[in-house]
Amino acid sequence: MTALPPQSRDSRQTPGSLASTSESPQSSRRFWQIFSSRNYDLDTIATQPSVFDDPVTLELYRPPPQYENAHRFDPKARWTWREEKLVVRKIDLRIMIWACVMFFALDLDRTNISQANTDNFLKDLHLTTNDFNLGNTLYRLSFLCAELPSQLVSKRIGPDVWVPTQITLWSAVSFSQYWLTGRSSFLATRFLIGFLEGGFIPDVVLYLSYFYTKRELPIRLAWFWVSNYLTVMVSAFLATGILSLRSGTRAGWRYLFLIEGLITFAVGVVSFFLMPPSPTQSKAWHRPQGWFTEREEVIMVNRVLRDDPTKSDMHNREGLTLSMVWETIRDWRMWPLYILGIVHMSTYLTLTLRNLGFTTTQSNLLTLPSTVLGLSNLLITSYVAERIQSRVLGSLVLQIWALPLLIALRSFGLSTSQWDYYVVVTLITGFPYVHPIQVAWASRNSGSVKTRTMSASVYNMFVQAGAIVYANIYRADDARGNLDLILICSMNIVLYFLTFMFYRGINRSRDRRWNAMTKKEQVNYLETTKDKGNARLDFRFAY
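Attention here is on the structure that accompanies the text.

Thresholds applied
- Residues numbered from 1 in each chain as written.
- Predicted model: local features only at pLDDT ≥ 70, side-chain atom pairs only at ≥ 80, totals over all residues.
- Heavy atoms only, no water.
- Helix = DSSP H or I, 4+ residues; strand = E, 2+ residues; numbered from the N terminus.
- Buried < 20%, exposed > 50% of the residue type's maximum accessible area, 1.4 Å probe, protein only.
- Salt bridge = Lys/Arg side-chain N within 4 Å of Asp/Glu carboxyl O.
- Phe/Tyr/Trp six-rings, centres within 6.5 Å; stacked < 30°, edge-to-face > 60°.
- Lys NZ or Arg CZ within 6 Å of the ring centre and 35° of its normal.
- Core = buried A, V, L, I, M, F, W, Y, C linked by side-chain atoms within 4.5 Å.
- Contact = heavy atoms within 4.5 Å.
- Axes fitted to C-alpha atoms, helices over the stretch in contact; angles between N-to-C directions.
- Parallel < 35°, antiparallel > 145°, perpendicular 65-115°, else oblique.
- Left-handed = near helix turned anticlockwise from the far one by under 90°.
- Polar contact = N/O pair within 3.5 Å; in protein donor to acceptor, adjacent residues only side chain to side chain.
- Expected span 1.5 Å × (residues − 1).
- Bend = angle between axes of the 7 residues up to and from the residue.

## Concerning the overall build of the protein chain
Scanning the protein chain from terminus to terminus reveals 21 helices and zero strands. In the protein chain, which comprises 543 residues, the share counted as buried stands at 58%.

## A closer look at the pattern of salt bridges
This structure, assessed with the given rule, holds 22 salt bridges. Two residues, Arg62 and Glu59, come together in a salt bridge whose shortest N-O distance is 3.0 Å. Look at Arg62 and you get partly exposed, because its relative accessible area is 37%. Connected through shared salt-bridge partners, Arg215, Glu386, Arg391 and Arg444 make up one network.

## Considerations on the packing of aromatic side chains
Within the structure shown, the criterion is met by 29 aromatic pairs. Judged by centre distance (6.0 Å) and plane angle (75°), the ring pair of Phe121 and Phe257 falls under edge-to-face. Note that Phe121 is positioned in helix 3 (residues 121-124) and Phe257 in helix 9 (residues 252-271), a separation of 136 residues in sequence. Judged by its relative accessible area of 0%, Phe257 falls in the buried class. Across the ring face of Trp291, the terminal group of Arg287 is positioned such that the distance to the ring centre comes to 4.3 Å.

## Thoughts on the nonpolar core
If you look at the biggest cluster of nonpolar residues, it comprises 83 residues, and the most contacted ones within it are Met102, Phe200, Leu208, Leu221, Phe224 and Trp225. If one sorts the elements of this core by residue count, helix 2 (residues 81-117) sits on top with 13 residues. With sequence-adjacent residues up to four places away left out, Trp225 is seen in contact with Phe103, Ile201, Leu378, Tyr433, His435, Pro436 and Val439.

## Looking at the packing of helix 16 (residues 391-411) against helix 18 (residues 435-444)
Relative orientation of the contacting elements helix 16 and helix 18 amounts to 155°, with a least axis distance of 10 Å. One finds that helix 16 runs roughly antiparallel with respect to helix 18. In this structure, helix 16 meets helix 18 at a crossing whose hand is left-handed. Along its contact with helix 16, which presents Arg391, Val392, Gly394 and Ser395, the element helix 18 presents Ile437, Gln438, Trp441 and Arg444.

## Brief notes about the environment of Thr280
The residue Thr280 is located in the loop between helix 9 and helix 10 (294-307) in this model. Overall, the relative accessible area of 12% leaves Thr280 in the buried class. A C-alpha to C-alpha distance of 5.8 Å links Thr280 and Glu297, two positions 17 residues apart in sequence. In this structure the side chain of Thr280 is engaged in a polar contact, spanning 3.5 Å, whose partner is the backbone oxygen of Glu68.

## Brief notes about the packing of helix 2 against helix 9
The N-to-C vectors of helix 2 and helix 9 enclose an angle of 165°; their axes lie 10 Å apart at closest approach. On the basis of their axis angle, the class for helix 2 and helix 9 is roughly antiparallel. The way helix 2 lies across helix 9 gives a crossing that is left-handed. Seen from helix 2, the contacting residues are Trp98, Val101, Met102, Ala105, Leu108, Asp109, Asn112, Ile113, Gln115 and Ala116; seen from helix 9, they are Trp253, Leu256, Phe257, Glu260, Gly261, Ile263, Thr264, Val267, Val270 and Ser271.

## Details of the environment of Gln166
Examined against the element boundaries, Gln166 turns out to sit in helix 5 (residues 159-175). Overall, Gln166 belongs to the buried group, its relative accessible area being 1%. In this structure the C-alpha to C-alpha distance between Gln166 and Gly199, which are 33 residues apart in sequence, comes to 9.1 Å. When sequence neighbours within four positions are dropped, the list of residues in contact with Gln166 reads Ser150, Leu196, Glu197, Gly198, Gly199, Phe200 and Asp203. A distance of 3.2 Å separates a polar side-chain atom of Gln166 from the backbone oxygen of Leu196. A distance of 3.0 Å separates the side chain of Gln166 from the backbone oxygen of Gly198, its partner in a polar contact.

## Re the side chain of Ser282
Here Ser282 lies in the loop between helix 9 and helix 10. Of note is the side chain of Ser282, whose polar atom sits 2.9 Å from the backbone nitrogen of Trp291. For Ser282, the residues in contact, after removing those within four places along its chain, are Pro276, Arg287, Gly290, Trp291 and Phe292.

## What to know about helix 16
Each turn of an α-helix holds 3.6 residues, which means side chains three or four residues apart point in the same direction. With 21 residues, helix 16 ought to run about 30 Å at 1.5 Å a step, and its terminal C-alpha atoms sit 32 Å apart, in line with that. Ala402 marks where helix 16 bends most, by close to 25°; the proline Pro404 follows one to four residues later. When helix 16 is considered as a whole, its buried residues turn out to be Arg391, Val392, Gly394, Ser395, Leu396, Leu398, Gln399, Ala402, Leu403, Leu405, Leu406 and Leu409. In the core, the buried residues of helix 16 are packed alongside helix 15 (368-387), helix 17 (418-429), helix 18 and helix 20 (483-515). Taking the backbone nitrogen of Leu393 as reference, a side-chain oxygen 3.3 Å away marks Ser390 as the first, capping residue of helix 16.

Dropping the structure here:
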């Protein structure tokens, strides 16, 4: 009998009796091999070793009957790489693409305020730059406050019901901005949109974790955030056309809110029909045959559980109690990641460009190069971080990228050409966006569905709190004050190093304790321990 050895820098996995199993094509490689392709036989067994291959640990981790996919669990199930690739491709087409469309809708409604601002939005409503910043602060504050309540509702009724509901509600408020009259209505709509959008991202991240393994999720999240950049590019062209509709007393920005809000509303309605609750629940009255065959469901369920057995801990419509919420929040092992979330940087390029004297059309179109650059950096950084299995290095790239550019920006004066300023700002705003890496990092280090549900929300709350701070760094009287960002960037480099040492230290300590046990003691620990999630001695943190 083989006891359960912990896997270095990752969660649990045990070598079983799968003699014919080939190495995963996603296995770690040397740094210079990360962009090369690996040849492997598509017809060899893809089923990876896990705790389910040992009779003792099989019973310890067997999914409970209330788990919605329990009827498809089969510890003896085997499949080939060819079958798995086809299943994953099908999940990408059916689940992932629509998740990106929904995120596109979110960004369409939360970023069109920037395009509206290039069309005399502030002047038409008699607002100041500080009023605009206050509106963005209220948006982020309400977004932050709604994170935990939204996640609790989503866990109770299911993200397949709650997420479409969110989209339809916030889109209604979004297109109602067509009738804005002044400061009060502007601030009210910003607050409501933020409150209704809050929790959307962690809800979708949890939903995607039902379908993907921990090695697949980071890359999918990178593509998920690609829709953020696509929204910027598409909305820039949309805004260029829609803003030209200004006629008489009806400004172009009013039509912008109305048309884009109605687009999002349509996405929300369609989402009710395109989000199956789980891999084995794709059949519905409008989908009588379902999306997946029984064989595909077996592969989906077992490959995900072999990768992370804790994903069967809770039913997908099982709510969290207040004690569970508190237990998750006080999990000190997750706090280094929450702290990293609050130190994200953000800038407002369209407003800056308009202040530099560019026209409305120029301002919207000149944001495109930074968007393309940011999109490319996002995918490359996320891919490399996962291939080299280093979230710290992947995330640290942002700080290394931004620091010299911020120093250059700090040195600019009134005599600096607007085009010189534009080039540096474009490079800054085209930074490698590491948020997807850190979201997946928090998900992986959670160690249970319960913690994963809450950690995604708590992490995003810290991100929104950081955004509130950054939104107020650039005030009307301090448009080029970048010293604070330089200091924060320098501090971040230290924080990432400390996070690396923190998780490596815990893993090494657990390795020593685990290896000091006999096989009998290890099995006894697994059978009797009251430790849960990432507090277990056999759990290893990713870093």
